[in-house]
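# Working through the structure, step by step
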Amino acid sequence: MCGDFVEAWDLYIHDSRYPVCIIAAPKTKEKSMKQTINHPLFGEFNFDEALNDYCGTVDWCGSEVDVYLSDYAPEDSSEQIFANLHTIYAARDVWDKKLRQFAAEKYTALANDWRDDDDTHEITAQEFAERLQPSVLNVCKGGLFTFHFEDDDLFAGHSISVDAMAEGELLGASMQG
């Protein structure tokens, strides 16, 4: 019985705010996705069947960032797949500053609560923003994206994620890990 279940369903383990959540989705026999897309600006993106995402890397203001393009169907053209990434990337200098400031507004006070007693000064919002290290950009078909920063040990190695819309709206920030 259990073997039949595993054969009939794809299982994904999601670790975000909860320790472990298993999400089961029925397997489908859809047309398979293009395995590799070579984009003239962004380079090579490979389809990861386990994640159901196209994965690649880009230079983000001097840092190499992993990019995951999510929620695309086999019939989507590469123009559709890369449209939101292109919108975000074209304004990356503006986005970088905006995302860092948003995270700093939400978490600087908490970072000061977490600091060791022997630290000489409280961290300013500017210092907080500057210490964030870009790591992952996840872009979804509808324009939603999440940018992940490593925390430079502000929170003992957690990551800080900021959700936004490609059109410019900041939606929220969270700490993960």
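Data block above holds the structure.
## With respect to the pairing of strand β5 (residues 53-60)
Buried residues dominate β5, accounting for six of its eight residues. In the sheet, strand β4 (residues 43-48) pairs with β5 via three bridges, with the strands oriented antiparallel. Paired with Asn-46 across the strands is Cys-55, a residue of β5. As consecutive antiparallel partners, β4 and β5 are separated by four residues, and within that stretch Asn-52 has a phi angle of approximately 60°, a positive value. Bridging between β5 and strand β6 (residues 63-70) involves eight bridges; their strand directions are antiparallel.

## Remarks on the nonpolar core
One finds Phe-45, Trp-60, Leu-69, Leu-85, Phe-128 and Leu-137 to be the most contacted residues of the largest nonpolar core, which totals 38 residues. Beyond its immediate chain neighbours, meaning those up to four positions away, Trp-60 contacts Val-65, Ile-88, Tyr-89, Arg-92, Trp-95, Asp-96, Leu-99, Pro-134, Leu-137 and Phe-147.

## Focus: the pairing of β6
Counted between consecutive antiparallel strands, the loop separating β5 from β6 contains two residues, among which Cys-61 sits at a positive phi close to 55°. Across five bridges, the pairing between β6 and strand β7 (residues 133-140) is parallel. Its bridge partner lying in β7, Asp-66 is registered against Val-136.

## Here's the deal with the environment of Gln-126
When you line up the elements, Gln-126 lands in helix α4 (residues 125-131). With relative accessibility at 56%, the residue Gln-126 sits in the exposed group. Sequence separation between Gln-126 and Ala-104 is 22 residues; the distance between their C-alpha atoms is 7.4 Å.

## Side note on the environment of Glu-75
Along the chain, Glu-75 falls in the loop between β6 and α2 (78-90). On the accessibility criterion, Glu-75 (61% relative accessible area) is exposed. Each C-alpha atom of the pair Glu-75 and Lys-34 lies 9.4 Å from the other, and the pair is 41 residues apart in sequence.

## Some words on the side chain of Ser-135
Tracing the backbone through its elements, the reader meets Ser-135 in strand β7. Residue class for Ser-135 comes out buried when judged on its relative accessible area of 14%. Among residues more than four places away in sequence, those in contact with Ser-135 are Val-65, Asp-66, Phe-147, His-148, Phe-149 and Glu-150.

## Section: the sheet that holds β6
Judged by pairing direction, the sheet is mixed, and its eight strands sit side by side in the order β3-β4-β5-β6-β7-β8-β9-β10 without closing on themselves. Looking at the sheet topology across the chains shown, the edges are occupied by β3 (36-39) and β10 (170-176). Strand after strand, the sheet turns through a mean of 20° between neighbouring axes, direction not considered. Each of β5, β7, β8 (144-150), β9 (159-165) and β10 touches helix α3 (residues 92-114); the most contacted strand, β10, lies at about 55° to it.

Rules used in this analysis
- Residues numbered from 1 in each chain as written.
- Predicted model: local features only at pLDDT ≥ 70, side-chain atom pairs only at ≥ 80, totals over all residues.
- Heavy atoms only, no water.
- Buried < 20%, exposed > 50% of the residue type's maximum accessible area, 1.4 Å probe, protein only.
- Helix = DSSP H or I, 4+ residues; strand = E, 2+ residues; numbered from the N terminus.
- Pairing = 2+ DSSP bridges.
- Core = buried A, V, L, I, M, F, W, Y, C linked by side-chain atoms within 4.5 Å.
- Contact = heavy atoms within 4.5 Å.
- Axes fitted to C-alpha atoms, helices over the stretch in contact; angles between N-to-C directions.

Function cannot be inferred from these measures alone, as they are strictly geometric.
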